[in-house]
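# Residue-level structural notes
The residues making up each chain are set out below.
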Amino acid sequence: MPDANLFTLIQSRFPEDLAKVFLKSPDGKTLCYGQLDRDTARLADTLRRLGVCPGDRVVVQVDKSTEAVVLYLACLRSGAVYVPLNTAYTATELDYFIGDAHPHILVCRPDTLEPLRDVAARHNVAHVLSLGTAADGTLIDAMAETSDGEGTITPRDDDDIAAILYTSGTTGRSKGAMLSHGNLSSNALTLHRLWGFVPDDVLLHALPIYHVHGLFVALHCALLNASTVWFLPRFEVSQVMALIPESTVMMGVPTFYVRLLDSDGFNAGLCRDMRLFVAGSAPLLSETFSEFESRTGHRILERYGMTEAGMITSNPYDGERLAGTVGFPLPETSARVCDADGSEVERGEPGTLEITGPNVFKGYWQNPEKTQAEFRGDGYFITGDVATMAVDGRIAIVGRAKDLIISGGFNVYPKEIELEIDAMDGVAESAVIGLAHRDFGEAVTAIVVRQTNANVDEAGVKKTLGERLAKFKQPKRVFFVDALPRNTMGKVQKNALREEYAGTYDIV
Ligand code: MLC
Ligand code: AMP
């Protein structure tokens with residue numbers, strides 16, 4: 001059987017001229033394909049030397065850099081399981097992830113190396129190494145001590161796990177979605193074909209690289225195309241605008257497009273050489289789609305995906321891109337819209353979207369009960385998104401069955417924040433909701449009931465959460481009420497709260 005290691009596929013697509021640049025940063029730093037091959041080989045050998053065996057987890061919380069990409073690809077190459085973590089996670093959050101993933105190696109930023117040693121020791125992590133953005137850190141030192149090897153790629157089967165990405169859940173506890181080499185390869189091949197990549201494409205990359213969107217969708221398409229990538233540390237409007245004329249493809253969350261449209265110089269002339277703008281991770285408003293088209297002449301291609309399955313549907317590359325829809329299931333993905341019992345509803349009726357295909361993950365890490373609960377008996381995965389499917393098969397995401405907020409493309413599960421707030425002195429209970437927000441799409445907002453005579457206030461709640469939760473999860477506003485609205489079953493009526501506080505943020 002041929003080797004199914006995703007790295008083998010990626011290497012097979014390297015350009016003939018290995019001096020071609022893969023990543024280039026605005027500060028002039030570049031990494032060519034030949035160097036990528038050598039560096040990933042050496043780093044894979046370094047991981048092996050440090051005792052990493054195929055299937056061992058390597059947990060990584062580092063800033064975006066070319067070396068971080070090399071680390072991801074070296075993990076693939078060595079057969080290790082890459083576990084990237086959002087750089088915004090606090091020490092409290094990290095403790096949970098490290099305990100759950102049980103990695104052989106933890107790679108962190110140089111400034112968190114010392115504080116994380118205790119956490120790592122508590123969870124019996126064999127090595128804690130650091131990686132900075134200036135090609136610095138003890139990981140780089142360890143690499144320098146490794147002699148050149150033979151460039152081995154550890155053979156992998158389709159079903160072997162390549163990465164675990166944590167995704168929160170309605171219970172407030174994050175689960176690790178296990179993605180196999182087969183999952184990632186099939187999705188990458190499909191998207192590369194479907195979105196019409198051509199040899200001269202240059203990708204503008206401003207997404208974080210700890211999520212499906214920036215790590216897999218964007219980078220895999222570029223790698224399978226042997227493209228050059230403008231690799232930006234983060235999304236910053238003026239930098240993105242300066243590089244659009246030197247790029248042909250950009251992928252982003254809707255917030256990127258809202259921010260670009262807020263800039264005066266953003267116009268058709270600037271985007272003249274662009275071939276494709278892709279949006280996803282959160283709903284793209286029809287207004288944004290239309291304004292983008294009238295300003296630039298480009299119809300943004302909206303697609304839909306999730307951590308557990310990579311990309312699931314896409315608007316057509318050649319064909320009608322319809323605002324407010326996410327297009328059609330990818331060629332090898334089957335989708336159906338079902339009621340709560342798993343029976344298909346009539347075309348056009350809303351229901352939960354269920355999917356199956358080679359892109360669908362292998363289950364939640366060490367959590368067979370949760371895995372079983374989210375799959376139907378016939379293998380379909382229940383996405384938790386509410387969708388309609390038109391007669392021609394076109395899908396629109398019209399809501400969420402899961403209590404989820406998406407802020408600037410990051411998922412926030414209210415339960416996790418509510419548990420933290422409810423544990424605070426002076427708090428009787430809380431409800432966390434998402435409210436319309438022009439920039440972030442939705443803004444996390446907390447509605448809190450105080451205990452009798454307690455004097456907890458907005459600043460106090462924010463301060464305590466600030467020490468425990470990543471910034472993007474923290475409520476932008478905290479309101480206090482005497483009681484939460486409940487239905488006759490005693491369930492908090494979040495819809496009533498969303499209506500009452502609807503005007504909290506700017507939406508125009
Ligand atoms: C930053 N902040 C956020 C935030 N990002 N708050 C809420 N939601 C967010 N997404 C905080 C900052 O810490 C800061 O706090 C304040 O909000 C304003 O910061 P900013 O400077 O405006 O934010 P910025 O750094 O520019 O980041 C915004 C962003 C970023 C949109 C560029 O969030 C981003 O890159 N998002 C992409 C997320 C993504 O890749 N999702 C893909 C998931 S995969 P303060 O108080 O310090 O001012 C997936 C599957 C799929 O969903 O289908 O793709
Ligand atoms: P994550 O778990 O971070 O991968 O987020 C996946 C979720 O993002 C999906 O379940 C959807 O709720 C949402 N999502 C992704 N793309 C879109 C889109 N184009 N439109 C609406 N929601 C989307």
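Computed from a predicted model, the values in this text were never measured in an experiment. (Residues numbered from 1 in each chain as written. Chains lettered and ligands numbered in written order. Predicted model: local features only at pLDDT ≥ 70, side-chain atom pairs only at ≥ 80, totals over all residues. Heavy atoms only, no water.)

## What to know about the site of ligand 2
In the vicinity of ligand 2 there are 15 residues, among which R303, T307, D385, K402 and N411 approach most closely. Within the backbone of S281, an N or O atom sits 3.1 Å from a nitrogen atom of ligand 2. One of the side-chain nitrogen or oxygen atoms of D385 is found 2.6 Å away from an oxygen atom of ligand 2. It is strand β13 (residues 301-306) that provides the largest number of residues to the shell around ligand 2, a total of 5 residues. Its residues assigned to classes, the shell around ligand 2 shows 6 nonpolar, 5 polar and 4 charged. (Near = heavy atom within 4 Å. Polar contact = N/O pair within 3.5 Å; in protein donor to acceptor, adjacent residues only side chain to side chain. Helix = DSSP H or I, 4+ residues; strand = E, 2+ residues; numbered from the N terminus. Nonpolar A, V, L, I, M, F, W, Y, C, P; charged D, E, K, R; others polar.)

## Some details on the domain arrangement of the protein chain
When cut into domains, the protein chain gives domain 1 (28-155) and domain 2 (405-500). Look at where the C-alpha atoms of domain 1 and domain 2 centre, and you get two points 35 Å apart. Between domain 1 and domain 2, the residue contacts involve 6 residues of the former and 10 residues of the latter. For the pair domain 1 and domain 2, the summed buried area comes to about 520 Å², and 50% of that belongs to carbon and sulfur atoms. Applying the counting criterion to the domain 1 and domain 2 interface returns 1 salt bridge. (Domains from an automatic or database assignment. Contact = heavy atoms within 4.5 Å. Buried area = accessible area lost by both parts, 1.4 Å probe. Salt bridge = Lys/Arg side-chain N within 4 Å of Asp/Glu carboxyl O.)

## Looking at the sheet that holds strand β24 (residues 477-481)
Strand pairing in a sheet relies on backbone hydrogen bonds, with the paired strands running either antiparallel or parallel. With respect to topology, 3 strands assemble into an open sheet ordered β22-β23-β24, the strand pairing being mixed. In this open sheet, the two edge strands, each paired with only one partner strand, are β22 (427-437) and β24. On average, each strand axis in the sheet is inclined to that of its neighbour by 25°, with strand direction left out of account. Where β22 and strand β23 (residues 441-450) come together, 10 bridges link them in antiparallel fashion. In the strand pairing of β23, A436 is matched with E442. (Pairing = 2+ DSSP bridges. Axes fitted to C-alpha atoms, helices over the stretch in contact; angles between N-to-C directions.)

## Digging into the state of the cysteines
This structure, assessed with the given rule, holds 0 disulfides. In this model C53 remains outside any disulfide bridge; the closest cysteine sulfur is found in C75, 13 Å from its own. Take C108: it sits in no disulfide, and the sulfur closest to it among the cysteines is that of C75, at 14 Å. (Disulfide = S-S within 2.5 Å.)

## Considering the site of ligand 1
In the region of ligand 1, 23 residues are neighbours, and R259, S281, R303, S407 and K476 sit closest. Starting from 1000 Å² of accessible surface for ligand 1 in isolation, the protein chains cover 74%. Listed by contribution, the elements that provide at least two residues to the shell around ligand 1 are α10 (254-261) and β13. The class makeup of the residues in the shell around ligand 1 is 10 nonpolar, 8 polar and 5 charged. (Areas by Shrake-Rupley, 256 points an atom, 1.4 Å probe, with all protein chains shown as cover.)

## A few points about the layout of surface pockets
Computed from the structure, the second largest pocket encloses a volume of approximately 880 Å³. For the lining of the second largest pocket, the secondary structure elements donating two or more residues are α10, α11 (286-296), β19 (395-400), β20 (405-407), β22, β23 and α15 (494-500). Taken together, the residues of the lining of the second largest pocket break down into 18 nonpolar, 9 polar and 10 charged. (1 Å grid on protein atoms, 1.4 Å probe; cavity = no way out; pocket = protein on both sides within 12 Å on 5 of 7 lines; lining within 4 Å. Points joined across faces, edges and corners; volume = space filled by probe spheres on them.)

## Quick notes on the pairing of strand β7 (residues 161-167)
With 7 of 7 residues buried, β7 is to be regarded as a mostly interior element. Sheet topology note: the β7/strand β8 (residues 175-180) ladder contains 6 bridges and is antiparallel. Bridged to L165 within β8 is A177. (Buried < 20%, exposed > 50% of the residue type's maximum accessible area, 1.4 Å probe, protein only.)

## Considerations on empty space enclosed by the protein
Here the idea is plain: a probe the size of a water molecule rolls over the atoms and shows the empty space left. Taken as a whole and judged by the stated rule, the model has 2 cavities of 30 Å³ or more. Each pocket or cavity is described by its volume, and for the largest cavity that value is around 100 Å³. With 5 residues, the single largest contributor to the lining of the largest cavity is helix α7 (residues 181-194). Classifying every residue of the lining of the largest cavity by side-chain character gives 8 nonpolar, 5 polar and no charged. In this structure, the second largest cavity occupies an estimated 50 Å³ of space. Residue lining of the second largest cavity: P84, L85, N86, Y89, L165, Y166, Y210 and H211, and that is the complete set. Of the residues contributing to the lining of the second largest cavity, the split by class is 6 nonpolar, 2 polar and no charged.

## Focus: the nonpolar core
Residues F22, W195, I244, M251 and L260 are the most contacted members of the largest nonpolar core, which totals 112 residues. Setting aside its immediate chain neighbours within four residues, F22 contacts L31, C32, Y33, L36, V69, L219, L223, S227, T228 and V229. Y89, L106, I421 and V427 belong to the second-largest nonpolar core, a separate cluster that totals 41 residues. (Core = buried A, V, L, I, M, F, W, Y, C linked by side-chain atoms within 4.5 Å.)

## Here we look at the environment of V202
Along the polypeptide, V202 turns up in strand β9 (residues 202-205). With 44 residues separating them in the primary sequence, V202 and E246 have C-alpha atoms 7.5 Å apart. When neighbours within four sequence positions are excluded, V202 is seen to be in contact with T228, W230, E246, S247, T248 and V249.

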